[in-house]
There are 2 protein chains.
Amino acid sequence: MTDVSIAPAVTTGPIAGSTKVYRNGVPVRRVHLTNGEHLDLYDTSGPYTDEEAVIDLDAGLPRREVIRDRGTQLQRARTGEVTPEMSFIAEREGVSAELVRDEVARGRAVIPANHNHPEAEPMVIGKAFAVKVNANIGNSAVSSSIAEEVDKMVWATRWGADTIMDLSTGRDIHQTREWILRNSPVPVGTVPMYQALERVGGDPVQLTWEVYRDTVIEQCEQGVDYMTVHAGVLLRHIPLTVNRVTGIVSRGGSIMAAWCLAHHRESFLYTHFDELCDILARYDVTFSLGDGLRPGSIADANDAAQFAELRTLGGLTRVAKSHGVQVMIEGPGHVPMHKIVENVRLEEELCDEAPFYTLGPLATDIAPAYDHITSAIGAAIIAQAGTAMLCYVTPKEHLGLPNRKDVKDGVIAYKIAAHAADLAKGHPGAQARDDALSRARFEFRWEDQFHLSLDPDTAREFHDETLPAAPAKTAHFCSMCGPKFCSMRISHEVQEAMAQKSREFAEQGNQVYLPVVTT
Amino acid sequence: MTDVSIAPAVTTGPIAGSTKVYRNGVPVRRVHLTNGEHLDLYDTSGPYTDEEAVIDLDAGLPRREVIRDRGTQLQRARTGEVTPEMSFIAEREGVSAELVRDEVARGRAVIPANHNHPEAEPMVIGKAFAVKVNANIGNSAVSSSIAEEVDKMVWATRWGADTIMDLSTGRDIHQTREWILRNSPVPVGTVPMYQALERVGGDPVQLTWEVYRDTVIEQCEQGVDYMTVHAGVLLRHIPLTVNRVTGIVSRGGSIMAAWCLAHHRESFLYTHFDELCDILARYDVTFSLGDGLRPGSIADANDAAQFAELRTLGGLTRVAKSHGVQVMIEGPGHVPMHKIVENVRLEEELCDEAPFYTLGPLATDIAPAYDHITSAIGAAIIAQAGTAMLCYVTPKEHLGLPNRKDVKDGVIAYKIAAHAADLAKGHPGAQARDDALSRARFEFRWEDQFHLSLDPDTAREFHDETLPAAPAKTAHFCSMCGPKFCSMRISHEVQEAMAQKSREFAEQGNQVYLPVVTT
C-alpha cells in the first residue's frame, strides 16, 4: 500500500464516556457511569477507539492467527470443533461456544472470516445472536476517493457497523479495497461483479465466466470475507419483471439479466456455481446470495419474480453447503409493512434457515432524503421476524453517494432498528442498556444518559443548544419543560410522598389509608 | 392581538412543484408532473401555500360558517345529520359522507372542531380514515417566544401536521395560544393543566377544581379544539408506579399524582368529570383522555399502572359520550415492539374503539437525539394496528425544546410512519403516491421524484450535492452508482431487449424460446 500516497485520516480515540477493555481477549466498550457503576457494550470499532493503540494505516491493523488447513468454519463446526473464532464470538455475544458451533453447523449462522483477512475480529451472523448491521461504502465513477472511503469505514465501525461492504464502482477498485481490508476490524463484503464489469469496460454483454472467476479469486486472495453473488437471476425469471413499476433495481441483477438476454444463455453464475463454491471454500469466503430481483418499489413487493429467485437461491444454498461453504441470503428492498413477515417465513422455508440479510426494507417509496427512516421501520420489523443482519440505507439512497454524515446517520438508524428487534426478541442482555439509560434519565444523571446513548456526541450537543452551562448537566429539568413542569422531578416528589405515607401507614399499624373509589 | 407587537414571520408560498387547488371547496395540493399528469394530495397547510391568498397574521385566517346551536358533531351524527364538516371531510378523505357520519356516531372517529375555532379546516381522526399526525409546539420557561411558536405552527402544517398541540408552559400562555388559534388551519389541542398550574404559581398542591375549570372555560372560549385531560390518574393507581424505572413521565400525570397525594383525595378531574363534560359539550371540544401513567421506559411498558389507568379511561369514555362529548384516548410512550399491538387491542376493548392517539411509542430508550426514529418505528406499527393519530416525537425529545428544524424532522418522520401504516392497512388511494413516485424514479424524471416526495426541498438538495448541474436532473443515473452501474438504466435496456424478443417470438410463430433449465 505504501506506493499510494493517499494519506487517509481517520477518527481515533474513545467514544465519549467509554474506554476499551478486553475481557478474555475480546474487546468491549466499557461505559463508566457517575454513580460508580459501568456497563459493557458490544464493540465493533476495533483498535481505533483504544487509547493505547498505535494506528498505522500504512501497516494495517494487527493480525490474529488463522488456521488455514482445516477448511471452513462450517466444515469444522460439523466435525464438532469449536474454533478459536467461535470461542471469541461466544465471549463477545455472551453465549456458549457450543451454541455458536451448533448454529454454524446447522447453517443457521455464518462466521464471515476469510483466511486472508486476519485483521478482522471474528463475529457471527445468525438469528440466535444479536442482530447485526452492515454499512455500504465505496466510491462511484462520479464521486469519492480512497482516503474518503477508508475514513468512512473507520467511521461506520465507530458507530457500530458490524460489517462493511465495499461497493466501489469507480477508480482504483483494487487499491481502495486493499486499504479497507488491511485496516478493517470487521468483515468486509463485496459484489465482485462490479470489478468484473469494470474489467470489460462497463459493458455487461462483454462479461465472461473467466473474467468473473479471476476477479473472485483476486478478491478471495485479498481477504474479502463475503461476496454477493446474483446467481439466482435466471433467464426464465426475466420475463416476470417486465410489467414491474421499477423493473430490476439490483445493479448485479440488472447486469446479469442484460447478459442472459444478450447471449440468450443461462447465467454463468448459475452454470458455474459449483466451481464458484470450490473457490470460496478454499478461503472460507461466505456466500451472500444476492436478490437480484428484489422489489424496488411498494408496487413490486413479494411478486412472482422475487419469489421465483428466492426459490432458486434455496437450491443454491444446498449446493453451497454441500461444498462446505457458508451461506447467507439477501432480501428486499421495498416492502409495505403487511408483506414483510412473509419474506422471512419463505426465506427460512426455502433456504433452510440460512441467515437472512436484508436491505431495509423501505416501508414506503415517498420519502427520498429520509430513506434511513422509511427503511429503519421495515428493518426493525423484519429483524424481529428473524433477519440476522440488516444492510443500512442512508438518507442519500436514490439521490447520491453517501458522505461521512450520511454513513453515520445510516448506521445509527440501523443500530436503533437492530436493537429494537433484539428487545422484541428478548435477546439476553439487550434491555440492560435501555434500563441503565432510563435510570440515568430518571435520576438526572445527564452525562450518563449521553454516554449510554448510541450517539453521545449528538445527545450532548442537543442538550447544549438550550442549556450549555455545566450546572445544567446535573439540573433536575431540561429546556423541553422547564423546571416547574418536569414530570420526572415531580415524580421523585411523588415517590418521596409515597414513601412518607408508607412510613405513616406502618406507624399507624398498617391500616388501609386509601379512600374508597367508585369508578 | 394587535396590541402585541410580536410581528411573527411565517413561511408562505407553494411547496415545490405543487399548487393549491380547491375541489368542491376542499383544498388539495396538486403535484404537477413533467409528463403532463398530476396527482392530488391531502393538504394540511391552509392558505399559507396558496399563491393567491393574502396572509395577514394580525387579522387571522378567514373563518368558515359554524352552526352553534345543534350540539356536538357526535350528537348531530347520532341524529343522522350529515354536517357541513362531515361533507368537507368526505371530500377530503375521498370517502362517503355517510361513512364519516357513521364513524362519528359510533364514537370510532372524532371531528375536533370547537365552534370558536372557525379558522380550522375540518378533519377527522379515526381508524377508518388516513392516519393523522399531531405536532407539539409551545414554549417553556427556558426557551422560545410567541413569534417562534406561530412560525412553528405554520411550518409544521406545511409539512403535513394534521393537528397542533400548543403545550406552552412559559410566558404569555394565553397570548401565544390566541395567535396560534387565529392563524391555524388545523385543529389545536392543549393541556389546560399547564396554564392552571401557572395560575397557582407552579405548585401542584395549590391547584383547585375551580382554577382548573376556569382555565378550561377560557380555552374553550378561545377555540381550542381538543384538550388533554389526565382524569384517569387515580389515587389508587399511584402506588403502582413506585417501583417503576422512570416513575410518572407525563407532566399532567405527575402533577395530578402530586395533588392527590398532598391532599390525600381523589383527583378533582375525576370527581368533577361530569361538569367538565358539560363544559366541553357546550363548545364541541373533544376530550383527549390523557395517559398520565404512560410508560417512560421499555422497562415500564404495559405494566399494571398503565393498564389500570386505561381501564379507568374506558369508564370515562362512556361518561363523556353520554354527555355527547367526542373522545379520543392517548397512548404510550416507550414500548418494545412485541408489546405494541396489545396496547391497541386493550384500548379498543376497554374504550369502545374511541380513536387511539399515541405518542410514538419509542421502540427503545437508547437513542436520545434520534427519538424521531426510535418512535417512528413504534408509531408505524401501532398505526398499522389501528391507532388513528400519531403524536410526533422530535429529535430533541428528552434533551430540549424543539426548534424549527426539529419540528420539520419530527413531522416528516411521522408522515412516513402514518403513510407506511396507510399502505399496510390498504387505505384506498395511499399507494397512488408511491406508484407515481416510483414510476418517476424508474423513468429518471428527477424533478417529479422530488415533487412527489414528502420533502421536495431536501430531496433536491441531496441530489444537488454531487450533481448540481441542470442536465443531471434528466440524466439516466445519479452519483450513487454512476452511469455504468445504474440498474434502472440497464433495466430499461433489459425491458427493450425483452420487447424485441417478444416481437421475434411473434414473428417466429410463438414458439417457446426459453432454454430448458434444470435447478
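Residues numbered from 1 in each chain as written. Chains lettered and ligands numbered in written order. Predicted model: local features only at pLDDT ≥ 70, side-chain atom pairs only at ≥ 80, totals over all residues. Heavy atoms only, no water.

As annotated in an unreviewed UniProt entry, chain A carries the name Phosphomethylpyrimidine synthase and comes from Mycolicibacterium iranicum. UniProt's Sequence similarities (unreviewed entry) comment on chain A is quoted here verbatim: "Belongs to the ThiC family." Taken verbatim from the UniProt record of chain A, the Catalytic activity (unreviewed entry) comment is "5-amino-1-(5-phospho-beta-D-ribosyl)imidazole + S-adenosyl-L-methionine = 4-amino-2-methyl-5-(phosphooxymethyl)pyrimidine + CO + 5'-deoxyadenosine + formate + L-methionine + 3 H(+)". (UniProt positions renumbered as here; feature names shortened; annotations may be inferred.)

*Asks:* Which parts of the structure should I look at to understand the overall build of chain A?
*Replies:* A count of helices and strands for chain A gives 18 helices and 13 strands. For chain A, the C-alpha radius of gyration of 25 Å lies close to 24 Å, the compact-globule estimate for 519 residues. Dimensions of chain A along its principal axes, counting C-alpha atoms only, are 90 × 55 × 50 Å. For chain A, with 519 residues in total, the buried portion stands at 67%. Of the contacts made within chain A by residues no fewer than 6 positions apart, 72% connect residues no fewer than 24 positions apart. Total accessible area computed for chain A in this model is approximately 16,400 Å², and 50% of it derives from carbon and sulfur atoms. Of the charged side chains in chain A, 50 are positive and 70 negative; the average position of the first set lies 3 Å away from that of the second. (Helix = DSSP H or I, 4+ residues; strand = E, 2+ residues; numbered from the N terminus. Rg over C-alpha atoms; globule rule 2.2 N^0.38 Å. Buried < 20%, exposed > 50% of the residue type's maximum accessible area, 1.4 Å probe, protein only. Contact = heavy atoms within 4.5 Å. Areas by Shrake-Rupley, 256 points an atom, 1.4 Å probe, with all protein chains shown as cover. Lys, Arg positive; Asp, Glu negative; His and termini not counted. Charge placed at Lys NZ, Arg CZ, Asp CG, Glu CD.)

*Asks:* Where do I start with the interface of chain A and chain B in this structure?
*Replies:* Residue-level contacts link 122 residues of chain A with 122 residues of chain B. For the pair chain A and chain B, the summed buried surface comes to about 10,300 Å²; carbon and sulfur atoms form 70% of the total. Seen at the junction of chain A and chain B, the total is two salt bridges. Here Glu465(B) and Lys396(A) are joined by a salt bridge, their closest N and O atoms 2.6 Å apart. Linking chain A to chain B there are 20 residue pairs in polar contact (both at pLDDT 80 or more). Those elements that provide at least two residues to the side of chain A that touches chain B are helix H6 (192-199), helix H8 (251-263), helix H13 (371-384), helix H14 (404-424), helix H15 (430-442), helix H16 (446-452), helix H17 (456-466) and helix H18 (487-507) of chain A. If you tally residues by element for the side of chain A that touches chain B, the top one is H14(A), at eleven residues. For the side of chain A that touches chain B, the class distribution of residues is 66 nonpolar, 36 polar and 20 charged. (Buried area = accessible area lost by both parts, 1.4 Å probe. Salt bridge = Lys/Arg side-chain N within 4 Å of Asp/Glu carboxyl O. Polar contact = N/O pair within 3.5 Å; in protein donor to acceptor, adjacent residues only side chain to side chain. Nonpolar A, V, L, I, M, F, W, Y, C, P; charged D, E, K, R; others polar.)

*Asks:* Whenever I open this one, a negative patch on the surface confuses me. Can you help?
*Replies:* All names here are of chain A. A surface patch of like charges, here negative, comprises Glu210, Asp274, Glu275 and Asp278. Among the elements that line the negative patch, the one with the most residues is helix H10 (residues 273-283), at three residues. Along the chain, aspartate 274 falls in helix H10. For aspartate 274, a relative accessible area of 43% gives the class partly exposed. (Patch = residues over 30% accessible without salt bridge, like charges linked within 9 Å, V, L, I, M, F, W, Y side chains within 5 Å.)

*Asks:* Help me out: how do you make sense of the sheet that holds strand S9 (residues 226-229) of chain A in this one?
*Replies:* Sheet strands pair via backbone hydrogen bonds, and the direction of the pair is either parallel or antiparallel. Residue and element names in this part refer to chain A. Strand order around the closed barrel formed by eight strands is S6-S7-S8-S9-S10-S11-S12-S13, with parallel pairing between neighbours. Between one strand and the next, the sheet's axes are offset by a mean angle of 25°, whatever the strand orientation. Pairing between strand S10 (residues 286-289) and strand S11 (residues 327-331): three bridges, direction parallel. Paired with serine 288 across the bridge in S11 is methionine 328. (Pairing = 2+ DSSP bridges. Axes fitted to C-alpha atoms, helices over the stretch in contact; angles between N-to-C directions.)

*Asks:* Sorry, what's going on with the domain arrangement of chain A here?
*Replies:* One frequent convention defines the size of an interface as the accessible area lost when the parts assemble. Residue and element names in this part refer to chain A. The domain boundaries assigned to chain A delineate domain 1 (73-428) and domain 2 (431-504). Between domain 1 and domain 2, the C-alpha centre-to-centre distance is 40 Å. Contacts between the two partners involve seven residues from domain 1, matched on the other side by seven residues from domain 2. Roughly 580 Å² is buried in total at the junction of domain 1 and domain 2, and carbon and sulfur atoms are behind 64% of that figure. It is Trp159, His419 and Leu423 that lose the most area in domain 1 upon contact with domain 2, and together they represent 54% of the buried surface on that side. Linking domain 1 to domain 2 there are one salt bridge. Its salt-bridge partner being aspartate 455, residue lysine 408 comes within 3.2 Å of it at the nearest N-O pair. Our count for the contact surface shared by domain 1 and domain 2 stands at two residue pairs in polar contact (both at pLDDT 80 or more). Looking at the side of domain 1 that touches domain 2 residue by residue, the class counts come to four nonpolar, one polar and two charged. (Domains from an automatic or database assignment.)

*Asks:* Just checking my understanding: could you explain the side chain of Thr169(A) for this structure?
*Replies:* Within the fold, Thr169(A) resides in the loop between strand S7 (163-166) and helix H5 (173-183). Thr169(A) gets classed as buried once you look at its relative accessible area, which sits at 1%. Leaving out residues up to four positions away in the same chain, Thr169(A) has contacts with Asn139(A), Ser140(A), Ala141(A), Tyr194(A), Glu198(A), Arg251(A), Cys481(B) and Phe485(B).

*Asks:* Explanation requested: the pattern of salt bridges in the structure shown.
*Replies:* Pairs may arise between side chains of opposite charge once their charged atoms sit close together. Residue and element names in this part refer to chain B. Summed over all chains, the structure comprises 78 salt bridges over all chains. With a closest N to O distance of 2.5 Å, glutamate 447 and arginine 460 form a salt bridge. Placement of glutamate 447 in helix H16 (residues 446-452) and of arginine 460 in helix H17 (residues 456-466) is noted, with a sequence separation of 13 residues between them. The exposure class assigned to arginine 460 is partly exposed, which follows from its relative accessible area of 25%. Between arginine 489 and glutamate 493 there is a salt bridge whose closest N-O contact spans 2.5 Å. With arginine 489 and glutamate 493 both in helix H18 (residues 487-507) and four residues apart, the pair spans about one turn of that helix. Judged by its relative accessible area of 22%, arginine 489 falls in the partly exposed class.

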